[in-house]
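If you want the building blocks of each chain, they are given just below.
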Amino acid sequence: MNVIRRNIPNFITCLNVLSGSVAIILAFTANDPAYAVPAWIWASIAIGVATVADFLDGFTARLLNARSEIGKELDSLSDLVSFGVAPAMILFTLLDADAALPAWLKWGALLIPALGALRLARFNVDTRQTTSFIGLPIPANALFWIGFAAVFSSFPSWGWLHSAWFILPLIFIEAWLMVSPIPLFSLKFHSFGWKGNEFRWTLIICSAILLWLLGLQGLIPIILLYIILSLFAPKNPH
């Protein structure tokens with residue numbers, strides 16, 4: 001029974017990487033309809049499932065006291081697939097399908113998993129990132145690009161949005177944020193009261209409102225709000 005209990009978090013982590021793998025497969029046909037919905041939306045849903053699994057594996061590991069070094073490494077490998085490679089493939093395919101963009105631009109999307117891998121490697125050896133983060137967490141990076149895909153697909157007439165001079169700097173900035181020295185608060189709750197969790201609850205409430213009003217496009221302002229709130233949050237929130 002102890003063996004089963006110890007591996008429950010790892011099983012959930014495997015659901016993370018499986019969902020990310022499905023997202024990558026769907027991303028290759030991003031604009032093709034699947035059940036009357038573009039495949040990139042299904043890929044985004046798969047990334048969403050991976051995000052839930054990523055939360056649950058850590059929660060379950062703490063609940064069952066089943067933390068392990070293998071679980072830590074497995075989690076990082078899974079995150080790279082689901083939140084680094086998968087959103088990059090969505091972006092790669094969408095850029096590739098846009099005839100107005102230069103052919104070389106789509107290769108810039110590969111910067112996302114490259115710096116995502118560096119961000120995860122740093123996180124694994126950085127003892128400072130226990131109650132907060134240094135640099136944008138890679139799941140937040142994935143959510144940003146899902147939001148970008150929603151805006152990019154919804155407004156084909158916005159010339160500046162479909163310009164290499166806008167997209168390439170955006171890729172560089174977003175990738176840099178993952179390895180930047182900017183401190184950001186964690187959504188891990190030690191208690192669920194308002195006191196001590198003001199920034200977490202503010203982000204959660206505002207996120208729910210933005211998603212209700214804007215759908216997937218609301219993910220962009222949510223990530224921007226997360227960064228802004230973090231600039232004012234305590235450096236080591238509890």
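Participant: I'm lost on the side chain of Glu-174 in this one. Help?
Facilitator: Within the secondary structure layout, Glu-174 lies in helix 6 (residues 164-179). Buried and without a salt bridge, Glu-174 has Arg-119 as its closest oppositely charged side chain, separated by 10 Å. In contact with Glu-174, not counting residues within four places along its chain, are Leu-136, Asn-141, Phe-144 and Trp-145.

Participant: Help me understand helix 8 (residues 219-232) in this model?
Facilitator: Owing to its 3.6 residues per turn, the α-helix aligns residues three or four sequence positions apart on the same side. For helix 8, built from 14 residues, the straight-helix expectation of 20 Å at 1.5 Å per residue is met to within 8% by its first-to-last C-alpha distance of 20 Å. Looking at helix 8, one finds that the buried residues are Leu-219, Ile-220, Ile-222, Ile-223, Tyr-226, Ile-227, Leu-229 and Ser-230. At its buried positions, helix 8 is contacted by strand 3 (132-134), helix 5 (138-154), helix 6, strand 4 (183-185) and helix 7 (198-214).

Participant: Help me out: how do you make sense of the packing of aromatic side chains in this one?
Facilitator: For any pair of aromatic rings, the description consists of the separation of the ring centres together with the inter-plane angle of the planes. The tally for this structure, following the rule as stated, stands at 11 aromatic pairs. Between Phe-185 and Phe-199, the ring centres sit 6.3 Å apart and the planes meet at 45°, which makes this aromatic pair tilted. On the criterion of sequence distance, the pair formed by Phe-185 in strand 4 and Phe-199 in helix 7 is long-range, its members being 14 residues apart. Classification of Phe-185 as buried rests on a relative accessible area of 3%. An aromatic cluster of three or more residues is present, and its members are Phe-144, Trp-145, Phe-148 and Phe-152.

Participant: Would you mind going over the nonpolar core with me for this structure?
Facilitator: Most often, soluble globular proteins keep nonpolar side chains buried together rather than apart. Of all hydrophobic cores here, the largest spans 55 residues; its most connected members are Leu-136 and Phe-148. A total of 11 residues in this core trace back to one element, the largest contributor, which is helix 5. If sequence neighbours within four positions are ignored, Leu-136 has contacts with Arg-119, Asn-141, Glu-174, Leu-177, Met-178, Leu-184, Ile-223, Tyr-226 and Ile-227.

Participant: I would appreciate a short explanation of the packing of helix 4 (residues 111-125) against helix 5 in the present structure.
Facilitator: Helix packing for two helices is described by the angle between their axes and how far apart those axes are. Put simply, helix 4 and helix 5 touch, their axes get as near as 10 Å, and they point 160° apart. Classified by the interaxial angle, the pair formed by helix 4 and helix 5 is roughly antiparallel. Of the residues in helix 5, those touching helix 4 at Ile-112, Gly-116, Arg-119 and Leu-120 are Ile-138, Asn-141 and Trp-145.

The rules behind each value
- Residues numbered from 1 in each chain as written.
- Predicted model: local features only at pLDDT ≥ 70, side-chain atom pairs only at ≥ 80, totals over all residues.
- Heavy atoms only, no water.
- Helix = DSSP H or I, 4+ residues; strand = E, 2+ residues; numbered from the N terminus.
- Buried < 20%, exposed > 50% of the residue type's maximum accessible area, 1.4 Å probe, protein only.
- Lys, Arg positive; Asp, Glu negative; His and termini not counted.
- Salt bridge = Lys/Arg side-chain N within 4 Å of Asp/Glu carboxyl O.
- Contact = heavy atoms within 4.5 Å.
- Expected span 1.5 Å × (residues − 1).
- Phe/Tyr/Trp six-rings, centres within 6.5 Å; stacked < 30°, edge-to-face > 60°.
- Core = buried A, V, L, I, M, F, W, Y, C linked by side-chain atoms within 4.5 Å.
- Axes fitted to C-alpha atoms, helices over the stretch in contact; angles between N-to-C directions.
- Parallel < 35°, antiparallel > 145°, perpendicular 65-115°, else oblique.

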